[in-house]
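As a plain string of letters, each chain reads:
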Amino acid sequence: MPVSIIKSAMIASVVSLLLLISSPSLANERDVKLVLQITVDGLRNDMLYRSQPHYRDGGFNYLLKTGAIYTNAHYLHANTETIVGHTSLATGATPAVHGMTGNVWFDRKSSELAYNIEDPDAPLLPTRSVERQGAQVDPAQKMARTQGRSPKAILVPTLGDSLSAFYDGNSKIFAVSGKDRSAVAMAGHTGKAFWYSTNNGDFITSKYYYDNYPQWTSSWNERRKAETFAGKTWTLLDKPDSYQRIGSDDRPYEADLKGYGRTFPHGFGTIEHPLFQTRLVVSPVGDQLTLDFSKVLIENENLGQDNVPDYLSISFSGVDAVNHFFGPNSLENEDVIRQLDVTLAELFAFIDKKVGLKNTLIVLSADHGMADMPEYMSDLGYKVGRLYSDDVVKIANKAGKDLFGIEAITHFFFRPYLYLDDVKLAQNKLDKQVVEQAIAAVLTEHEGIALAVPESGLPALQAPAIYQQIRNNYHPLRSGDIYIAQSPYWFMFERGPVVAMHGSPWRYDTHVPIIFAGEGIKNSTVSRLVHPIDVAPTLAALLKITPPSSSQGSVLTEVVK
């Protein structure tokens, strides 16, 4: 071969290499175009496998047959609630670091209880000239002092923030959910969040994200798709005899939601019913509407259409809502998960068509698990009961009166934190640490309370692992004076329509699935102990970016090799 030809070939190779190094579009040609983070609210790990023989192709089975599956993933914090879990997934940090210690906490500046993402400077964008006001059944949202919403209270960056910073703001970051707090947490500080309104069935956002709705959002809302379910019912997806719990549909301790019923079929009622939109959420319909809106977002925002990776979080809320009103061992739970499988299959098929699954990195997890209802456990022979918030306050106040002569020593209690009245302590010249420890000791002795841990700590602890979980949940500006953990399977929450609750440090509340799927990820099942805070740094490693600045998790080596 002539020397001139050899030199020309060498020069061409060098030029090609330089172009590959210097050009982001060429360098990322085979990289991930879309990160799809799916969070199934309230999906305890074992729920994923209960109906696996009845899953269709393309939904959960796509992940289970192609992904890296972690079967022993547990949260490291004690208060296993929605905002805490979502923010931990988004940041790779525990609540002691990211600051979202609960759905509700005590605002020491105003001396009032506050909702986690409330922000008066970020009012909601209205979608209609006259807003319909539905009945609010979410106990946490009832505590909000303003309709404004933003991520201002999240103290550290998220994965989406890191991705946006790495690509100079060119990565599109979006989050969609049936709940406001789920969407806001996953969108982070630099993304855009949309969530379902139980007032009118629209997907809404706040002034933090937009001055006006994008046209495609307004068009979706104008279709009034939720209202098409008026007069319809939630019926079983499959033949009745295929369900394990078909014989226990009517249980007296399930919620009725003012005529929704405890047995199939569940009628959604009329648009005028104050719980119409809530009933849609407490069914597979809420997840289906979330999917429909997400598909329109993907198409109109052109996600995954260039060589800068985009990020989309979709948080499905139906499983959690059904758990709260019917319990995790109900026929309703069994069906809502089967129907979510169909919803996921539709989502993955749409992603494959628009972006390509080979170009999409998927991770699925949950924000927390769920405890079985105490009546269900009692039926099985494990005797437990219900302990309401006002019961806890009465116990603490009696201890304050008996031990220190103070009436109403409790300022607030919103599970899991009890706040003492600092003014009364100061007036009586009492050492707060002494009072905390004395009242905590009394609370711990009460039936239904496993452990009451004062901020100042206890001299000796019988459960150091749980103590560390409580420490991981502690933030000095937001956590209360005494952390109260209910005994296993005991219900501890407000009186009201919610009949099953999560939020404990026990394994049924901390145990969630983690599954990664995408090009180059081998199908495997891993049983070693891992944590949801590992998700963000693992995604960062796959994307070859720096993990969120306050991430405490480890890279999952089975996914990144």
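Refer to the structure presented above.
This next bit is on the overall build of the chain. The secondary structure content of the chain amounts to 20 helices and 19 strands. Over its C-alpha atoms the chain spans a radius of gyration of 25 Å, differing by no more than 12% from the 24 Å that the globule rule assigns to 561 residues. Dimensions of the chain, computed from C-alpha atoms along their principal axes, come out at roughly 100 × 55 × 50 Å. For the chain, buried positions account for 60% of its 561 residues. If you sum the accessible surface of the chain, you get close to 21800 Å²; carbon and sulfur atoms cover 54% of it. Charged side chains in the chain number 52 positive and 61 negative. The centres of these two groups are separated by 2 Å.

Our focus in this paragraph is the pattern of salt bridges. Applying the stated criterion across every chain, the model contains 31 salt bridges. In this structure, the salt-bridge partner of E558 is R528, at a minimum N-O distance of 2.9 Å. Here R528 lies in the loop between β19 (524-526) and α20 (535-543) and E558 lies in the segment after α20, a separation of 30 residues in the sequence. Through salt bridges that share partners, R56, D238, E334 and R338 make up one connected network.

This brings us to unusual backbone geometry. With an omega dihedral of -5 degrees, the bond running from F264 to P265 counts as a cis peptide bond. Cis peptide bonds are those with omega within 30 degrees of zero, and the linkage from R415 to P416 qualifies with 10 degrees. In this structure, N302 takes a positive phi of about 55 degrees despite not being glycine. Residue position: N302 is located in the loop between α11 (284-300) and β10 (310-316). Classification of N302 by relative accessible area gives partly exposed; the value is 41%.

We now examine the packing of aromatic side chains. Per the stated rule, a full pass over the model turns up 23 aromatic pairs. On the numbers, 5.6 Å between centres and 35 degrees between planes, the contact of F194 with Y210 is tilted. A residue pair is termed long-range when its members are at least 10 positions apart, and F194 in strand β6 (residues 192-196) and Y210 in the loop between β7 (203-204) and α9 (215-222) qualify at 16 residues. Look at F194 and you get buried, because its relative accessible area is 0%. A residue is classified by how much of its surface remains accessible, and Y210, at 13% relative accessible area, is buried. The interplanar angle of 65 degrees and the centroid separation of 5.9 Å between the aromatic rings of Y388 and F491 together place this pair among those described as edge-to-face.

For a regular strand, side-chain orientation follows a simple rule: the groups alternate between the two sheet faces. With respect to burial, strand β16 (residues 482-486) is a largely interior element, five of its five residues being buried. Residues I482, I484 and Q486 of β16 are buried on one face, and the alternating residues Y483 and A485, pointing to the opposite face, are buried as well. Relative to β16, strand β14 (residues 417-420) runs antiparallel, the two sharing two bridges. Residue pairing across strands places Y417 opposite Y483, the latter belonging to β16. Sheet topology note: the strand β15 (residues 449-454)/β16 ladder contains five bridges and is antiparallel. The partner of L451 across the bridge, within β16, is A485.

Looking now at the side chain of H475. Checked against the element boundaries, H475 lands in the loop between α18 (464-472) and β16. Sequence-distant contacts of H475, defined by excluding residues within four places in its chain, comprise P95, A96, G99, T101 and L155.

Where α11 contacts helix α13 (residues 331-354), the two axes come as close as 9 Å, and the packing angle between them is 10 degrees. Between α11 and α13, the crossing angle belongs to the class labelled roughly parallel. Contact residues: P284, D287, Q288, L291, K295, I298 and E299 in α11; D335, V336, Q339, L340, T343, E346, L347, F350, I351 and K354 in α13.

Moving on to the sheet that holds strand β5 (residues 173-177). Pairing between the strands of a sheet is mediated by backbone hydrogen bonds and can be parallel or antiparallel. With mixed pairing, nine strands are arranged side by side in an open sheet as β7-β6-β5-β10-β1-β11-β18-β2-β19. On the outer flanks of this sheet lie β7 and β19, each paired with one strand and no other. With three bridges joining them, strand β2 (residues 68-74) and β19 adopt parallel strand pairing. Note that in β19 the partner of Y70 across the bridge is V526.

Another aspect to go through is the pairing of strand β18 (residues 511-517). When you tally the buried positions in β18, you get seven out of seven residues, the bulk of the element. Both faces of β18 are covered, namely the face carrying H511, P513, I515 and A517 and the face carrying V512, I514 and F516. In this structure, β2 lies alongside β18, joined through five bridges in antiparallel fashion. Each bridged residue has a counterpart across the sheet, and for I69 the counterpart in β18 is I515. Note: strand β11 (residues 360-365) against β18, three bridges, orientation antiparallel. Bridging across to β18, L364 finds its partner in I515.

Moving on, we get to the environment of N72. With respect to the element layout, N72 can be found in strand β2. With 149 residues separating them in the primary sequence, N72 and N221 have C-alpha atoms 40 Å apart. Contact partners of N72, with chain neighbours within four places excluded, come to H511, V526, S527, R528, L529 and V530. At 3.3 Å, the side chain of N72 forms a polar contact with the side chain of H74.

What counts, and where the lines are drawn
Residues numbered from 1 in each chain as written. Predicted model: local features only at pLDDT ≥ 70, side-chain atom pairs only at ≥ 80, totals over all residues. Heavy atoms only, no water. Helix = DSSP H or I, 4+ residues; strand = E, 2+ residues; numbered from the N terminus. Rg over C-alpha atoms; globule rule 2.2 N^0.38 Å. Buried < 20%, exposed > 50% of the residue type's maximum accessible area, 1.4 Å probe, protein only. Areas by Shrake-Rupley, 256 points an atom, 1.4 Å probe, with all protein chains shown as cover. Lys, Arg positive; Asp, Glu negative; His and termini not counted. Charge placed at Lys NZ, Arg CZ, Asp CG, Glu CD. Salt bridge = Lys/Arg side-chain N within 4 Å of Asp/Glu carboxyl O. Phe/Tyr/Trp six-rings, centres within 6.5 Å; stacked < 30°, edge-to-face > 60°. Pairing = 2+ DSSP bridges. Contact = heavy atoms within 4.5 Å. Axes fitted to C-alpha atoms, helices over the stretch in contact; angles between N-to-C directions. Parallel < 35°, antiparallel > 145°, perpendicular 65-115°, else oblique. Polar contact = N/O pair within 3.5 Å; in protein donor to acceptor, adjacent residues only side chain to side chain.

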